[in-house]
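Chain by chain, the residues run as shown.
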Amino acid sequence: MNAENVHQDTDLAAPELPREPEDAAGSAAAGSAAADSDAGTAFDTEAGALVEPSEPEFEAAEPAEPEFEAVEPSEPEPEAPPTGTMSAERLAAKALEARLLGGERKLRRREVAAGAGLSLLSARKLWRALGFPNLGDEDVAFTERDQAALSTIVDLVRDGKLTEEAAISITRAIGQMTDRMVVWQIEALVEDMVQEQGVTDAVARKRLVSELPNLIDPLEEMLTYSWRRQLNAAVQRLAVRAEAGLQSSEEGREGDEDDAPLPLARAVGFADLVSYTSLSRRMNEKTLAQLVQRFENKCAEIISVGGGRLVKTVGDEVLYIAETPAAGAEISLALSRAFTDDEILPQARVAMVWGRILSRLGDIYGPTVNLAARLTALADPGTVLVDSMTAAALEQDERFVLVPRPAEDVRGFGEIHPVQLLPGSGRGLILD
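Here we summarise the structure given alongside this text. This is a predicted model, so every value here is computed, not measured.

One broad trend across soluble globular proteins is that nonpolar side chains are buried collectively. Counting residues in hydrophobic clusters, the biggest one holds 35 residues, and the most contacted among them are I331, L335, F339 and L421. Going through the elements one at a time, β1 (264-273), α11 (285-305), β3 (317-322), α12 (325-341), β4 (348-360), β6 (384-386), α14 (388-394) and β10 (419-423) are the ones with two or more residues in this core. When residues in this core are grouped by element, the largest group, nine residues, is from α12. Excluding anything up to four places from it in sequence, L335 contacts A271, C299, I302, I303 and Y320. Counting residues in each nonpolar core, the second largest holds 18 residues, with A116, L118, A141 and I153 among its members.

All chains considered together, the criterion is met by two cavities of 30 Å³ or more. Of the voids in this model, the second largest cavity is the one considered here, and its volume is about 30 Å³. Lining of the second largest cavity is provided by R237, R266, G307, G308, R309, I321, A322 and E323.

Here we take up the packing of helix α4 (residues 120-130) against helix α5 (residues 144-158). Two numbers describe how α4 lies on α5: the axes approach to 11 Å, and their chain directions differ by 100 degrees. One way to sum up the angle between α4 and α5 is to call them roughly perpendicular. Counting all contacts with α4, which are made through A123, L126 and W127, the residues of α5 involved are L150, I153 and V154. In terms of residue class, the contact of α4 with α5 is built from six nonpolar, no polar and no charged.

Here the focus is α5. The first and last C-alpha atoms of α5 sit 20 Å apart over 15 residues, in line with the 21 Å expected at 1.5 Å per residue. Turning to α5, its buried residues number three or more, namely L150, S151, I153, V154 and V157. Residues of α5 that are buried make contact with α3 (109-115), α4 and α6 (164-197). In the segment just after α5, G160 is the residue with positive phi, at about 80 degrees.

By rolling a water-sized probe across the atoms, one finds the places where empty space is left. In this model, the second largest pocket occupies a volume close to 660 Å³. If you list the elements that add at least two residues to the lining of the second largest pocket, you get α6, α7 (201-211) and α11. By residue number, the principal contributor to the lining of the second largest pocket is α6, which donates nine residues. When the residues that make up the lining of the second largest pocket are grouped by side-chain class, the tally is seven nonpolar, three polar and eight charged.

Cut-off values and rules
- Residues numbered from 1 in each chain as written.
- Predicted model: local features only at pLDDT ≥ 70, side-chain atom pairs only at ≥ 80, totals over all residues.
- Heavy atoms only, no water.
- Core = buried A, V, L, I, M, F, W, Y, C linked by side-chain atoms within 4.5 Å.
- Buried < 20%, exposed > 50% of the residue type's maximum accessible area, 1.4 Å probe, protein only.
- Helix = DSSP H or I, 4+ residues; strand = E, 2+ residues; numbered from the N terminus.
- Contact = heavy atoms within 4.5 Å.
- 1 Å grid on protein atoms, 1.4 Å probe; cavity = no way out; pocket = protein on both sides within 12 Å on 5 of 7 lines; lining within 4 Å.
- Points joined across faces, edges and corners; volume = space filled by probe spheres on them.
- Axes fitted to C-alpha atoms, helices over the stretch in contact; angles between N-to-C directions.
- Parallel < 35°, antiparallel > 145°, perpendicular 65-115°, else oblique.
- Nonpolar A, V, L, I, M, F, W, Y, C, P; charged D, E, K, R; others polar.
- Expected span 1.5 Å × (residues − 1).

Pasting the structure below:
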């Protein structure tokens, strides 16, 4: 993301004040200042109020003094012949870019904004949200597809389907998630070529340009398919079943808990690898990459099979949620068991808390998350801890055994009563 401040607009349809007439030179200066100012904006264009005037192509000049004698026009100098041809690698990269961007870059930022009926400021807000770098007025960096994409999100605001704030937030989600996704995919492809083709990392990265065109269409189809499936699952979790989760979390609560105002009831868990830092210092690049991938793959598999959601992975720690305390407990025990039995990965400390959370920006927040993190630090390697409230929600379930531990003074929570979670009857979470 760039470092420019983003000022939110308070009125999407606020017209600009009329301007005093300016001379040509003053108009050029004003246009330049408007490009770098964060005043004004919105996605509405009534009376053309929000389309910033283009800078004049030429400033007015003083009339030239007459010459004393005519000067014959000089012959234009012939262009120098090309000194070389474009390399095959550069041609392949150029063709790939044209395919991905929908054509050759022909438009400047003011042209794209005006084509979408937007002020440059509003266009820049959306580009910043997508994570695009700053560009100058003279940079020819856009295609007609950029203009169409800009119009798509703006039309949602003009049609009243989204507020500007929601549009920017959704756009930022798309930018951040797809950025991480494509980096992940490229690194996976490069690593595969290094291993399967026996080439160096540098050669693999160059070769990727010629390999990628065959993968664009199937990857795009899978992206759309996955997005639709994930959107459906999220609607079920976050809308259809949200009220049922809150009702199931009422037992044992008095209504004045720190997380009482939060809208979702979830089992929140952390799994933290033991001695990861010291291990990583002794590993080479290849071994460390294999360890990280093994850790993330195992976590993702167990959490998804258990019906949970992997919120994020940060280094040697994974954060996950589930819709019921029992589902969270099954996942937590399966993670602890998997790392204990793994011949490569170290053991893990695991903790889980049943409570209420706030879900924003693809992440989760609230006291429940913080308490789960604190309990993880208290857990012994290879064990799972829960708090007393979560233990009360699980105590009638024969699949779990609960063993109280001595009270602990936890920063930000005071005295809490950890409970060790052990497997009871039944087979537990079964992986394919």
